[in-house]
Amino acid sequence: MPDISTTYMGIKLKSPVVAASSTLTKDIDNLKKAEEAGAGAVILKSLFEEEIRQDSGLDIDTAFHSEAYDYMSADAAMVYGAGEYLELVCKAVKAVSIPVIASVNCEGGKWWAEYAKSIEEAGAHGIELNISFMPFDAGISSQEAESRYFEVVHEVKKTVKIPVAVKIGQNITAVPYMVRRLHSAGASAVTLFNRYYQMKINTKTLELEPVHYFSQESEAYSVIRWVAAVAKESSIDISASTGVHNADVLTQYILAGASTVQVASMLYKKGFSAVTELNQGLGKWLDEHGMNLEDAVGLVLRKKIRQFQTLERVQYIKIADGSIIR
Ligand SMILES: Cc1cc2nc3c(=O)[nH]c(=O)nc-3n(C[C@H](O)[C@H](O)[C@H](O)COP(=O)(O)O)c2cc1C
């Protein structure tokens, strides 16, 4: 078996396959299963800012009021609800020997800077900031929306020494620029991308219903484009997330420049043996090509740069005669 170890957030991992943050990763037995199956690291289920707000007794409207928000930011994270999460971090770190990355879902930097400190003290090896600020308000410009990400990273990095990754969604206008700014603000890594909760309207009942919890392999292909674009423009560590359902997709992400991939849907569908399947499939590919993982990260970007530029093409110009895909 070739060497499939990698470096992510400055941490050495024995495999690039990481158990993504999901409901599975709030269970200690599952973390052990992930480790046994060969995962390089685990990312705990996110702690959501809303959970702390709700525990604090403030309703969402009050919490969004800026004065109330500032007031709560002072110490609320240390007092309300979040203790359970710190306990999970402590238990996880004791239960497994692979790195444990805590995940927090945040909107305000001030709030999470305090809490990130506690997470560091609880023993987490790193923090993934699951920032999902959605500018639904027509009064918020894209620049304003995106500057909130930088503020969060900046504030968190002021208070912790452990590495910080930022998980963003695909709803960003200029992904490489955004990532470069996140890197300058102190992020060691970026996770491309979160896959947001989707809803449909039931036209019979007029109720909103959740839909598509799990990804499809085909969703990986828009993400591969951005992984390559970011890898070309930045030296930040990239974790690819979305659509990893087999070792071939995992290998494509690696070749595009990701040093780790995160898996959630495949774990739900196949159990933790999926991690072993992915490691073995990647190992086989590396073996066949006579290389270790580190040689493969971003390889296509380095070796086939001209062909790779077609990834930046978004319109169907010559697809009909096959000239793009040949
Ligand atoms: C049931 C479920 C719960 C999830 N919860 C979280 C979460 O708490 N925090 C987070 O950052 N991502 C969460 N995710 C997103 C995953 O971490 C991952 O980014 C996404 O599902 C794409 O990967 P996949 O194609 O392997 O599913 C969740 C995904 C699923 C399916």
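Conventions used here
Residues numbered from 1 in each chain as written. Predicted model: local features only at pLDDT ≥ 70, side-chain atom pairs only at ≥ 80, totals over all residues. Heavy atoms only, no water. Salt bridge = Lys/Arg side-chain N within 4 Å of Asp/Glu carboxyl O. Helix = DSSP H or I, 4+ residues; strand = E, 2+ residues; numbered from the N terminus. Buried < 20%, exposed > 50% of the residue type's maximum accessible area, 1.4 Å probe, protein only. Near = heavy atom within 4 Å. Polar contact = N/O pair within 3.5 Å; in protein donor to acceptor, adjacent residues only side chain to side chain. Areas by Shrake-Rupley, 256 points an atom, 1.4 Å probe, with all protein chains shown as cover. Nonpolar A, V, L, I, M, F, W, Y, C, P; charged D, E, K, R; others polar. Pairing = 2+ DSSP bridges. Axes fitted to C-alpha atoms, helices over the stretch in contact; angles between N-to-C directions. Left-handed = near helix turned anticlockwise from the far one by under 90°. Contact = heavy atoms within 4.5 Å. 1 Å grid on protein atoms, 1.4 Å probe; cavity = no way out; pocket = protein on both sides within 12 Å on 5 of 7 lines; lining within 4 Å. Points joined across faces, edges and corners; volume = space filled by probe spheres on them. Phe/Tyr/Trp six-rings, centres within 6.5 Å; stacked < 30°, edge-to-face > 60°. Arc of directions from axis to C-beta.

A. Spatial organisation of the pattern of salt bridges. Summed over all chains, the structure comprises 10 salt bridges. When the shortest N-O distance is used, the salt bridge between Arg195 and Glu219 registers 2.6 Å. One end of the pair, Arg195, is in the loop between strand E9 (189-192) and strand E10 (198-201); the other, Glu219, is in the loop between strand E11 (208-211) and helix H9 (220-233), with 24 residues separating them in the sequence. Here Glu288 and Lys284 are joined by a salt bridge, their closest N and O atoms 3.3 Å apart. Of the two residues, Glu288 and Lys284 both sit in helix H12 (residues 273-288), four residues apart, roughly one turn of that helix. The exposure classification of Glu288 matches that of Lys284, with both residues exposed. Because the salt bridges share partners, they merge into one network encompassing Arg180, Lys232 and Glu233.

B. Highlighting the site of the ligand. For the ligand, the set of nearby residues contains 22 residues, the closest of which are Ser21, Ser46, Ser215, Gly243 and Ser265. Here an oxygen atom of the ligand and a side-chain polar atom of Asn130 are 3.0 Å apart. For the ligand, an oxygen atom lies 2.5 Å from a polar atom in the side chain of Ser215. For the ligand, the protein covers 91% of the area, taking 600 Å² as the surface of the free molecule. Residue classes in the shell around the ligand are distributed as eight nonpolar, 11 polar and three charged.

C. Focus on the pairing of E11. Pairing analysis gives four bridges linking E10 to E11, with the strands arranged antiparallel. Counted as the bridge partner of Met199 is Pro210 from E11. Here E10 folds back onto E11 in antiparallel fashion, the turn holding six residues, of which Leu206 has a positive phi close to 60 degrees.

D. Here's a closer look at the packing of helix H1 (residues 28-37) against helix H5 (residues 83-95). Their axes nearest at 10 Å, the elements H1 and H5 cross at an angle of 35 degrees. Seen from above, H1 lies across H5 with right-handed handedness. Contacts between H1 and H5 pair Ile28, Leu31, Lys32 and Glu35 from the former with Leu88, Lys91, Ala92 and Ala95 from the latter. Across the contact of H1 with H5, the residue classes tally to five nonpolar, no polar and three charged.

E. Local environment of empty space enclosed by the protein. Using the criterion set out here, one finds one cavity of 30 Å³ or more in the structure. Arg225, Ala228, Ala229, Lys232, Leu301, Ile305, Phe308, Gln309, Leu311 and Glu312 together form the lining of the largest cavity. Mapped by element, the contributors of at least two residues to the lining of the largest cavity are H9 and helix H15 (305-308). Top element by residues in the lining of the largest cavity is H9. It accounts for four residues. Each residue belonging to the lining of the largest cavity can be placed in one class, and the counts come to six nonpolar, one polar and three charged.

F. Structural detail: the packing of aromatic side chains. Applying the stated criterion across every chain yields a total of two aromatic pairs. Residues Tyr213 and Phe214 carry aromatic rings whose centres are separated by 6.3 Å and whose planes lie at 55 degrees to one another, so their mutual orientation is tilted. Here Phe214 and Tyr268 contribute two aromatic rings whose centre-to-centre distance is 4.9 Å and whose plane-to-plane angle is 40 degrees, an arrangement assigned as tilted. Placement of Phe214 in the loop between E11 and H9 and of Tyr268 in helix H11 (residues 265-270) is noted, with a sequence separation of 54 residues between them.

G. Geometry of H1. Taken together, the buried positions of H1 are occupied by Asn30, Leu31, Ala34, Glu35 and Ala37. The buried residues of H1 occupy an angular sector of 165 degrees when projected down its axis, which confines them to one face. Tucked inside the fold, the buried residues of H1 contact strand E3 (17-19), strand E4 (41-43), H5 and H12. The backbone nitrogen of Asp29 lies 2.9 Å from a side-chain oxygen of the residue at the head of H1, namely Asp27. Phi for Gly38, located one or two positions after H1, is positive at around 110 degrees.

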